[in-house]
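One-letter residues, chain by chain:
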Amino acid sequence: MTSVRTRFAPSPTGFLHIGGARTALFSWAYARRHGGQFILRIEDTDVARSTPEAVQAILDGMRWLDLGWDEGPFYQMQRMDRYKQVIAQMLEAGSAYYCYTTPAELDALREAQRARGDKPRYDGRWRPEPGKMLPAVPEGVTPVVRFRNPLEGVVAWDDLVKGRIEFANAELDDLVIARGDGTPTYNFCVVVDDWDMGITQVIRGDDHVNNTPRQINILQTLGAEVPKYAHLSMILGDDGTKLSKRHGAVSVMQYDDDGYLPEAVINYLARLGWSHGDDEVFSREQFVQWFDLDHITPSAAQFNTDKLKWLNAHYIKQSPIEALVADVTRRLSARGIPVAEGPDLAAVIALYRERVSTLVELADALAPFYVAPTISDELATQHLTPAARDALGKLAGRLGASAWDKAALSQAIKDTCTELGVKMPQVAIPLRVALLGVPQTPSIDAVLEVMGQSQVMQRLAAFR
Ligand code: GLU
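Predicted model only: the values in this text are computed from it and were never measured.

Engineer: Can you help me understand the overall build of the protein chain in this one?
Structural biologist: Looking only at helices and strands, the protein chain has 19 helices and 12 strands in total. With the C-alpha coordinates of the protein chain rotated into their principal frame, the extents come out at 110 × 50 × 40 Å. Taken over 464 residues, the protein chain has a buried fraction of 49%. In the protein chain, the proportion of contacts linking residues at least 24 apart, taken out of those at least 6 apart, comes to 74%.

Here it is as structure tokens:
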């Protein structure tokens, strides 16, 4: 049995977006599941649109998602000699031929076809056939090279996602495989690469379905083993329209910026078009054990931000505390907020991790522990009334002399309430606003405890 070899073959014309990341994940997982090899190939032949920054963004995205490749990255631009070599062999073997039709002639041809109501296509005027007289080679025209596509029969494959797909060869005209300047065209490079790299399963977006019959025909002509194909359906946005920039996060790295954990994004992407019964939450390892192409739905998958958030909240709860400490330290430092001198970060995270669905929300909630909050006028007017300030003053007196554990702190608040004849919230809410600039926090005694006596006293001093 040949071992499984899959590839992810992005064009570096933009970031690694959600659709690409899902394709990468499925290709990676399939190779891992079957103990095979996963290859990364950068399809950079569109020189006008490919950029080194996009290559870097793709590599960063793959690394962030921890989708490690076994071979590559291979760059198509570095394989030009190989493509040209195969083109030369095909010309030699007669499976490709020079075509001297000029762009102007092609336009005229298409025009005439349209006028007759026919589908515009190359008419094979330079295609050699036994006994056929070819036109005289015109002077000053650099020819393109065309693939001699079979004229009859069908080209068909059993798509691992979509089922049987057939195209009549009569529908496919002779594809240009090299331009006038000798550079190979996109579909041709893909064919040579999939062949040379021994790809066994091509897993890619279904925007490539129309390329597949041409690629299969060329592979067959070359005597190559034709891989299996799995064309993944597109991903729709939250609103049911095609996923686009309008839906916010384009790059997977944007999810990092927005406070998502790669584990959550992986789990989320895994369920975009693939299912294992009703399982929604599973680890990467579990996914690899379960993953197969049989349970991919041929219909479009719809993106659901709420579900991604829900998964992210789950992974934040599960995350090792050291990982959260490192992440929040990074985020707060980037905002110029030093965490080293304030309350113990791990303790503050423990208080908040169950209440947030992104790491940005976590950092937002934690920031006022490390830098005194600005209290909005609205909150001040509502909660820091003269009576509330008086209560905070009384409480500060008690806290100054209190032991610093939850029980003692809770008692100090209760005693203040009793002394003033007011209810708990009348002290606790102004206290939250005064300390953290927000009226809601986890249990106030726990907040006081982690914030520490000196910082609490210092902040309350402003309200005495
Ligand atoms: N480079 C193509 C793309 O980014 C993928 C080609 C393929 O997977 O065959 O859409």
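Engineer: I'm lost on the site of the ligand in this one. Help?
Structural biologist: Around the ligand, a shell composed of Arg-7, Ala-9, Pro-10, Ser-11, Glu-43, Tyr-186, Val-190, Arg-204 and His-208 is seen. Here Ser-11 contributes a side-chain N or O atom positioned 2.9 Å from a nitrogen atom of the ligand. Here an oxygen atom of the ligand sits 2.9 Å away from a polar atom, N or O, in the side chain of His-208. Burial of the ligand by the protein chains amounts to 81% of its free accessible area of 300 Å².

Engineer: Any chance you could explain the packing of aromatic side chains here in plain terms?
Structural biologist: Aromatic rings in a pair are described by how distant their centres are and how their planes are angled relative to each other. Within this structure, the stated rule accounts for 14 aromatic pairs. An angle of 80 degrees between the planes, with centres 5.0 Å apart, marks the rings of Trp-274 and Phe-287 as edge-to-face. With a gap of 13 residues between them, Trp-274 in the loop between helix H8 (262-270) and helix H9 (284-290) and Phe-287 in helix H9 connect regions that are remote in the sequence. Under the relative-accessibility criterion, Trp-274 is labelled buried at 0%.

Engineer: I tried to follow helix H18 (residues 444-451) on my own but got confused; where do I start?
Structural biologist: Given 3.6 residues per helical turn, the α-helix brings residues three or four places apart onto the same face. Extensive coverage of H18 is indicated by the burial of seven of its eight residues. Here H18 has its buried residues at Ile-444, Asp-445, Ala-446, Val-447, Leu-448, Val-450 and Met-451. Those residues of H18 hidden inside the fold are in contact with helix H12 (345-352), helix H13 (359-370), helix H16 (406-420), helix H17 (424-436) and helix H19 (453-461). The positive-phi residue at the C-terminal boundary of H18 is Gly-452, with phi of around 90 degrees.

Engineer: What exactly am I supposed to notice about the pattern of salt bridges here?
Structural biologist: When charged atoms on two side chains of opposite charge get close, those side chains can pair. Taken as a whole, this structure holds 32 salt bridges when the rule is applied. We note a salt bridge from Arg-32 to Asp-70, for which the minimum N-O separation is 3.1 Å. In this pair, Arg-32 is assigned in helix H1 (residues 18-33) and Asp-70 in the loop between helix H2 (52-64) and strand E3 (71-75), connecting sequence segments 38 residues apart. For Arg-32, a relative accessible area of 28% puts it in the partly exposed group. Relative accessible area serves as the criterion here: at 36%, Asp-70 is assigned to the partly exposed category.

Engineer: Whenever I open this one, unusual backbone geometry confuses me. Can you help?
Structural biologist: Across residues other than glycine, the phi torsion is negative in most instances, and most of the peptide bonds are trans. Between Gly-72 and Pro-73 the backbone carries a cis peptide bond, its omega angle lying at 0 degrees. Positive phi values are uncommon outside glycine, yet Asp-66 reaches one of about 60 degrees.

Engineer: How should the sheet that holds strand E8 (residues 176-178) be read in this particular structure?
Structural biologist: Backbone-to-backbone hydrogen bonds join strands into a sheet, with any given pair of strands oriented parallel or antiparallel. The strand order across the open sheet built from three strands is E4-E5-E8, with neighbouring strands paired in antiparallel fashion. At either margin of the open sheet sits one strand with a lone partner, and together these are strand E4 (96-99) and E8. Taking the axes of each pair of neighbouring strands and ignoring which way they run, one obtains an average angle of 45 degrees across the sheet. The sheet contact formed by E4 and strand E5 (residues 144-147) spans four bridges and is antiparallel. Within the sheet, the bridge partner assigned to Ala-96 lies in E5 and is Phe-147. With respect to the sheet, helix H3 (residues 80-93) is in contact with E4, E5 and E8, its orientation differing from that of E4 by roughly 95 degrees.

Here is what the cut-offs are and how they apply
- Residues numbered from 1 in each chain as written.
- Predicted model: local features only at pLDDT ≥ 70, side-chain atom pairs only at ≥ 80, totals over all residues.
- Heavy atoms only, no water.
- Helix = DSSP H or I, 4+ residues; strand = E, 2+ residues; numbered from the N terminus.
- Buried < 20%, exposed > 50% of the residue type's maximum accessible area, 1.4 Å probe, protein only.
- Contact = heavy atoms within 4.5 Å.
- Near = heavy atom within 4 Å.
- Polar contact = N/O pair within 3.5 Å; in protein donor to acceptor, adjacent residues only side chain to side chain.
- Areas by Shrake-Rupley, 256 points an atom, 1.4 Å probe, with all protein chains shown as cover.
- Phe/Tyr/Trp six-rings, centres within 6.5 Å; stacked < 30°, edge-to-face > 60°.
- Salt bridge = Lys/Arg side-chain N within 4 Å of Asp/Glu carboxyl O.
- Pairing = 2+ DSSP bridges.
- Axes fitted to C-alpha atoms, helices over the stretch in contact; angles between N-to-C directions.

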